[in-house]
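# Coordinate analysis (summary)
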Amino acid sequence: MRPSFLKKKRAMSDEMSLQITSMADIFTILLVFMLKSYSTGAASLAPSQGLSLPEAHAESSAVEALKIEVSRDLVQVEGTPVLSLKDYQFPKQDMNAQGASLALTAVLSKERKRQLEIAKQNTEVSLDARVVIVADKSVPYSTIKTVLASAATQGYTDFRLAVVKGE
Amino acid sequence: MNISGGSGHSGSQDFDLNLAPIIDCFTVLIAFMLVSASFVSIGLLDAGISAAGKASDSAPAATVQASLELQADKTIVVKVLGTKDRAQKAGFSVKPNGTEWNIEALAAKLREIKAQWPGIDSATLSAQNSVDYQSVVRVMDTTRQTLPSVLLGGF
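Residues numbered from 1 in each chain as written. Chains lettered and ligands numbered in written order. Predicted model: local features only at pLDDT ≥ 70, side-chain atom pairs only at ≥ 80, totals over all residues. Heavy atoms only, no water.

### Considerations on the overall build of chain A
A tally of helices and strands in chain A yields three helices and six strands. When its helices and strands are written in sequence order, chain A yields α-β-β-β-β-α-β-α-β. Counting over 167 residues, chain A shows a buried share of 37%. Carbon and sulfur atoms make up 54% of the accessible area of chain A, which amounts to about 10800 Å² in all. (Helix = DSSP H or I, 4+ residues; strand = E, 2+ residues; numbered from the N terminus. Buried < 20%, exposed > 50% of the residue type's maximum accessible area, 1.4 Å probe, protein only. Areas by Shrake-Rupley, 256 points an atom, 1.4 Å probe, with all protein chains shown as cover.)

Laid out in structure tokens, this is it:
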């Protein structure tokens, strides 16, 4: 009687079949996870590449408001470049006596006039004083003051600072 | 009795699920979700400004206010300003913890101030020009735990 350990080995097949059932299971789990973390809020606060927001405990979520973004080399209003910065600093020739930026003030003034025009045509729309500041965590306070002063002179007095929600 | 639907049908209701189109759909959906997903949660901190001694409209006026100033050497100067009684003015200096801001000491000091002057619920935060934004936000966040209304000053 032939011992069992001398059984002939099964010939190995060169073909490998794709286990689609397992792949479907993995894809289902991935999809459920992605759907759970997917949000479709009206406000989008995606900072530009390379911009690191400061961390803080913030309760309020994103709102629909004018967005001013301050990075190392650029100031943007609603995604449109306004002024180039040199190492987070406003150029001296752009500053007025009140500590506001002339270029930023001009853009915000135009935006304010546009809102006024819309409010005149549509009585249901009121002037919005909210502005969201999206600034890199390394921006010096002097630059933040310039941005806030520029916005305040144009009637934007309700400031929201965009932060990464900490634990 | 066997019910069969048309010629050639065996009458069995067994069918094989064709997984290939399902995998195609899932691949497209997952690719779309990955591109549009944001794994960083962004929130907003309410901040008003205190310019020329006037508080912004969003912050309630308070008789007794706290004032914090962040200095370049990471010292935090805390002052309590009371308009009714000048004797209520008090000043504290929170020294840095090595080379970092001493946030725990600041939080403890603010709790002491709140216990001594329960009417305080707002603070004005200013900083020297070279202080970075992260430090301002961090101190603001700590202050808000005790004094809910924090205005940015120094204008």
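### With respect to the packing of aromatic side chains
All chains considered together, the criterion is met by zero aromatic pairs over all chains. Over the face of the ring belonging to Tyr156(A) we find Arg112(A), whose NZ or CZ atom lies 4.6 Å from the ring centre. (Phe/Tyr/Trp six-rings, centres within 6.5 Å; stacked < 30°, edge-to-face > 60°. Lys NZ or Arg CZ within 6 Å of the ring centre and 35° of its normal.)

### Remarks on the pattern of salt bridges
The full count for this structure, using the stated rule, is seven salt bridges over all chains. Here Asp158(A) ties to Arg160(A) by a salt bridge, and the two come within 3.1 Å at their closest N and O atoms. Each member of the pair Asp158(A) and Arg160(A) is classed as buried. Measuring nitrogen to oxygen at the nearest pair gives 3.7 Å for the salt bridge that ties Glu112(B) to Lys109(B). In this pair, Glu112(B) and Lys109(B) are both assigned in helix 2 (residues 103-116), three residues apart and thus about one turn of the helix distant. Owing to a relative accessible area of 45%, Glu112(B) belongs among the partly exposed residues under this scheme. You can call Lys109(B) partly exposed: its relative accessible area is 22%. Here the salt bridges do not stand alone but share partners, grouping Asp158(A), Arg160(A) and Asp46(B) into one network. (Salt bridge = Lys/Arg side-chain N within 4 Å of Asp/Glu carboxyl O.)

### Considering the packing of helix 1 (residues 20-37) of chain A against helix 1 (residues 19-36) of chain B
Orientation of helix 1 of chain A relative to helix 1 of chain B, taken along the N-to-C sense of each, is 30°, at an axis distance of 10 Å. When the interaxial angle is binned, helix 1 of chain A and helix 1 of chain B end up roughly parallel. Remark: the crossing between helix 1 of chain A and helix 1 of chain B carries left-handed chirality. Across the interface between the two elements, Ile20(A), Thr21(A), Met23(A), Ala24(A), Phe27(A), Thr28(A), Leu30(A), Leu31(A), Met34(A) and Leu35(A) from helix 1 of chain A touch Leu19(B), Ile23(B), Phe26(B), Thr27(B), Leu29(B), Ile30(B), Met33(B) and Leu34(B) from helix 1 of chain B. Residues belonging to the contact of helix 1 of chain A with helix 1 of chain B are distributed by class as follows: 15 nonpolar, three polar and no charged. (Axes fitted to C-alpha atoms, helices over the stretch in contact; angles between N-to-C directions. Parallel < 35°, antiparallel > 145°, perpendicular 65-115°, else oblique. Left-handed = near helix turned anticlockwise from the far one by under 90°. Contact = heavy atoms within 4.5 Å. Nonpolar A, V, L, I, M, F, W, Y, C, P; charged D, E, K, R; others polar.)

### A short note on the nonpolar core
Within the largest apolar cluster, 56 residues are counted, with the highest numbers of intra-cluster contacts made by Ile68(A), Ile133(A), Leu70(B), Ile76(B), Leu125(B) and Leu152(B). Formed by nine residues, the second largest nonpolar core is a distinct cluster that contains Leu45(A), Leu51(A), Leu53(A) and Ala162(A). (Core = buried A, V, L, I, M, F, W, Y, C linked by side-chain atoms within 4.5 Å.)

### Re the pairing of strand 6 (residues 149-152) of chain B
Residue and element names in this part refer to chain B. Residues Ser-149 and Leu-151 line one face of strand 6 and the alternating positions Val-150 and Leu-152 line the opposite face, and both faces are buried. The sheet contact formed by strand 1 (residues 42-49) and strand 6 spans two bridges and is parallel. By the bridge assignment, Ile-49 is partnered in strand 6 with Leu-152. Note on the crossover from strand 5 (residues 122-127) through helix 3 (residues 133-146) to strand 6: the handedness is right-handed. (Pairing = 2+ DSSP bridges. Right-handed = clockwise from strand over helix to strand, strands pointing away.)

### A word on the packing of helix 2 (residues 102-121) of chain A against helix 3 (residues 141-153) of chain A
All names here are of chain A. Put simply, helix 2 and helix 3 touch, their axes get as near as 9 Å, and they point 35° apart. The chirality of how helix 2 crosses helix 3 is right-handed. Taking contact as the criterion, the partners of Leu-104, Thr-105 and Leu-108 in helix 2 are, on helix 3, Val-147, Ser-150, Ala-151 and Thr-153. Counted by class, the contact of helix 2 with helix 3 contains four nonpolar, three polar and no charged residues.

### Section: the side chain of Glu69(A)
Residues and elements named next belong to chain A. Mapped onto the fold, Glu-69 is located in strand 2 (residues 66-70). Note on Glu-69: relative accessible area 4%, which makes it buried. Leaving out residues up to four positions away in the same chain, Glu-69 has contacts with Ala-46, Pro-47, Ser-48, Leu-51, Leu-74, Val-75, Gln-76 and Val-134.

### Details of the interface of chain B and chain A
Counting residues at the interface gives 41 residues for chain B, matched by 49 residues for chain A. Across the interface of chain B and chain A, roughly 3900 Å² is buried in total on both sides, 69% from carbon and sulfur atoms. Together, Ile42(B), Leu44(B) and Tyr133(B) form the three largest contributors to the area buried by chain B at its contact with chain A, with a combined 22%. Seen at the junction of chain B and chain A, the total is one salt bridge. A salt bridge links Arg160(A) to Asp46(B); its shortest N-O distance comes to 3.1 Å. Inspection of the chain B/chain A interface yields 15 residue pairs in polar contact (both at pLDDT 80 or more). Elements supplying a minimum of two residues to the side of chain B that touches chain A: helix 1, strand 1, strand 5 and helix 3 of chain B. Considering every element that reaches the side of chain B that touches chain A, the biggest residue donor is helix 1 of chain B, with 10 residues. For the side of chain B that touches chain A, the residue count by class is 25 nonpolar, 12 polar and four charged. (Buried area = accessible area lost by both parts, 1.4 Å probe. Polar contact = N/O pair within 3.5 Å; in protein donor to acceptor, adjacent residues only side chain to side chain.)

### Overview of the environment of Val78(B)
Residues and elements named next belong to chain B. Considering the arrangement of structural elements, one finds Val-78 in strand 3 (residues 76-82). Residue classification places Val-78 among the buried residues on the basis of a relative accessible area of 0%. C-alpha of Val-78 to C-alpha of Gly-98: the two residues are 20 residues apart in sequence and 19 Å apart in space.

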